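Descriptive analysis of the structure
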Amino acid sequence: QVQLVESGGGLVQAGDSLRLSCAASGRTFSRYNMGWFRQAPGKEREFVAGIRWSANSLYYADSVKGRFTISRDNAKNTVYLQMNNLKPEDTAVYYCAARTDITVFGTRPNLYDYWGQGTQVTVSS
């Protein structure tokens, strides 16, 4: 069992930055592929960024490329999402998720086994 706890959300203005953190329990965090997803009101949950267990491959949605950076610190059991130049359309609840099957990296939410409770990010114009 893995527990994920997100933090770092908040209310910011367009152009500002935020860094989200996701702390994981358990000793096997370093074996999981990790992803960040977001869900805006009335919309489906969508992939934002992902990182393989070894951190040697990073993945981004086109909408955040060049603005968001995902990273992980396996010694701290934590994955981060640095979000720069935030836009109003980035407003959503952000979730981190862990996938135990590391053979292929996936971006569909149903491929992930564990989820955090989410943290709200609101970007005002």
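Below is a short write-up of the structure.

Criteria and thresholds
- Residues numbered from 1 in each chain as written.
- Predicted model: local features only at pLDDT ≥ 70, side-chain atom pairs only at ≥ 80, totals over all residues.
- Heavy atoms only, no water.
- Phe/Tyr/Trp six-rings, centres within 6.5 Å; stacked < 30°, edge-to-face > 60°.
- Helix = DSSP H or I, 4+ residues; strand = E, 2+ residues; numbered from the N terminus.
- Buried < 20%, exposed > 50% of the residue type's maximum accessible area, 1.4 Å probe, protein only.
- Pairing = 2+ DSSP bridges.
- Salt bridge = Lys/Arg side-chain N within 4 Å of Asp/Glu carboxyl O.

**Considerations on the packing of aromatic side chains**
Within the structure shown, the criterion is met by 8 aromatic pairs. Relative to F47, the ring of F37 lies with its centre 5.7 Å away and its plane at 75 degrees, an arrangement referred to as edge-to-face. Of this pair, F37 sits in strand β4 (residues 33–39) while F47 sits in strand β5 (residues 46–51), and the two are 10 residues apart along the sequence. Taken individually, F37 and F47 each receive the classification buried, so the pair is uniform in this respect.

**So, the pairing of β4**
Taken across its 7 residues, β4 has 6 buried, putting it largely inside the fold. The sheet contact formed by β4 and strand β9 (residues 92–99) spans 7 bridges and is antiparallel. Bridge pairing links F37 to Y95 in β9. Taken together, the 5 bridges between β4 and β5 define a ladder with antiparallel strand orientation. Paired with F37 across the strands is F47, a residue of β5.

**Considering the pattern of salt bridges**
Considering all chains together, one arrives at 5 salt bridges under this definition. Note that R38 is salt-bridged to E46, the shortest N-O span being 2.6 Å. Through salt bridges with shared partners, a single network forms among R38, E46, R67 and D90.

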